[in-house]
Amino acid sequence: MADPTRARKLADRIKVIVADALEKRVKDPRLGFVTITDARVTNDLQHATLYYTVFGSDEEKLGTKIALESAKGVLRAEVGKRTGIRLTPTLTFTADEVPETAQQIADLLAKAAEEDARVAALAAGAKPAGDPDPYKKPVDPDEEWDEDPDAAAEVEPADGNAPRG
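Residues numbered from 1 in each chain as written. Predicted model: local features only at pLDDT ≥ 70, side-chain atom pairs only at ≥ 80, totals over all residues. Heavy atoms only, no water.

Q: Is there a simple way to think about the overall build of the chain in this case?
A: The helix and strand inventory of the chain stands at 6 helices and 3 strands. Listing the helices and strands of the chain from first to last along the sequence gives α-β-β-α-α-β-α-α-α. Looking at the 165 residues of the chain, the share that counts as buried comes to 22%. For the chain, the share of sequence-separated contacts (at least 6 apart) that also reach a separation of at least 24 residues comes to 64%. Carbon and sulfur atoms make up 55% of the accessible area of the chain, which totals about 12500 Å². (Helix = DSSP H or I, 4+ residues; strand = E, 2+ residues; numbered from the N terminus. Buried < 20%, exposed > 50% of the residue type's maximum accessible area, 1.4 Å probe, protein only. Contact = heavy atoms within 4.5 Å. Areas by Shrake-Rupley, 256 points an atom, 1.4 Å probe, with all protein chains shown as cover.)

In structure tokens:
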């Protein structure tokens with residue numbers, strides 16, 4: 001089993017080699033505007049998975065997939081020549097789903113932003129259902145019992161007996 005660092009370096013090298021070979025050596029007309037986005041090699045260096053994206057219609061994507069499968073032998077031979085390793089890994093091409101997923105996320109974020117703007121517009125003209133300030137304020141004990149002691153003496157009792165003083 002190889003070192004994971006070596007596998008990562010080999011994957012990067014294979015990615016560059018395959019991208020270069022697709023540009024210069026493979027002359028298949030079905031091959032569309034293809035980009036090799038990532039490459040991964042197993043730790044035993046026996047299998048390489050190459051991720052690619054294609055811009056275009058579904059027919060062009062299918063044509064590119066078929067062209068990559070038919071050019072697999074030429075690309076593997078090129079990888080073997082240019083890497084110089086004892087066993088050339090098998091190549092597997094997988095369509096990269098990252099651009100489609102990123103577009104779905106962008107659409108969801110745009111929808112959420114529209115909904116936030118709609119809610120903010122509704123909230124701008126809204127008035128509170130109860131008091132403008134529904135929170136109870138803490139009461140200062142000095143203010144609550146700040147009655148004038150002389151004012152209490154001026155009040156006559158209800159029975160008519162006024163204090164004499």
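There's more to say after this.
Q: Before we go on, may I ask you to explain the pattern of salt bridges in this structure?
A: Oppositely charged side chains are able to pair whenever their charged atoms sit close together. In the structure shown here, the tally under the stated rule is 10 salt bridges. In this structure, Lys 61 engages Glu 100 in a salt bridge whose closest nitrogen and oxygen atoms are separated by 3.5 Å. A residue pair is termed long-range when its members are at least 10 positions apart, and Lys 61 in helix H2 (residues 58-70) and Glu 100 in helix H4 (residues 98-124) qualify at 39 residues. For Lys 61, a relative accessible area of 29% translates into the label partly exposed. For Glu 100, a relative accessible area of 34% translates into the label partly exposed. The structure contains a network of salt bridges with shared partners spanning Asp 20, Lys 24, Arg 25, Glu 78, Lys 81 and Arg 82. (Salt bridge = Lys/Arg side-chain N within 4 Å of Asp/Glu carboxyl O.)

Q: Looking at this structure, I do not really get the packing of helix H1 (residues 4-24) against helix H3 (residues 72-83). What am I missing?
A: The relative placement of two packed helices is expressed as an angle between their axes plus a distance between the axes. In contact at an axis separation of 10 Å, H1 and H3 are set at 125° when each is read in the N-to-C sense. Looking at the two axes, H1 sits oblique to H3. The element H1 and its partner H3 pack so that their crossing is right-handed. Counting all contacts with H1, which are made through Leu 10, Arg 13, Ile 14, Ile 17, Val 18, Asp 20, Ala 21 and Leu 22, the residues of H3 involved are Leu 75, Glu 78, Val 79, Arg 82 and Thr 83. Class assignment for the residues of the contact of H1 with H3 results in 8 nonpolar, 1 polar and 4 charged. (Axes fitted to C-alpha atoms, helices over the stretch in contact; angles between N-to-C directions. Parallel < 35°, antiparallel > 145°, perpendicular 65-115°, else oblique. Left-handed = near helix turned anticlockwise from the far one by under 90°. Nonpolar A, V, L, I, M, F, W, Y, C, P; charged D, E, K, R; others polar.)

Q: How do you make sense of the nonpolar core when you look at a structure like this?
A: In summary, soluble globular proteins display a tendency toward joint burial of nonpolar side chains. Ile 14, Val 18, Leu 22, Leu 50, Leu 75, Leu 91 and Phe 93 are the most contacted members of the largest nonpolar core, which has 26 residues in total. Among the elements that take part in this core, H1 stands out by supplying 8 residues, more than any other. The contact partners of Val 18, leaving out residues within four places of it in the chain, are Ile 36, Leu 50, Leu 75, Val 79, Leu 91 and Phe 93. (Core = buried A, V, L, I, M, F, W, Y, C linked by side-chain atoms within 4.5 Å.)

Q: What exactly am I supposed to notice about the layout of surface pockets here?
A: Empty space among the atoms becomes apparent when a probe as large as a water molecule is rolled across them. For the largest pocket, the calculated volume is near 270 Å³. If you trace the largest pocket, you find 14 residues lining it, with Tyr 52, Val 54, Lys 61, Ala 95 and Glu 100 closest to the centre. Looking at the lining of the largest pocket, the elements that each hand over two or more residues are strand E2 (47-55), H2, strand E3 (90-95) and H4. The residue inventory of the lining of the largest pocket, partitioned by class, reads 6 nonpolar, 2 polar and 6 charged. (1 Å grid on protein atoms, 1.4 Å probe; cavity = no way out; pocket = protein on both sides within 12 Å on 5 of 7 lines; lining within 4 Å. Points joined across faces, edges and corners; volume = space filled by probe spheres on them.)

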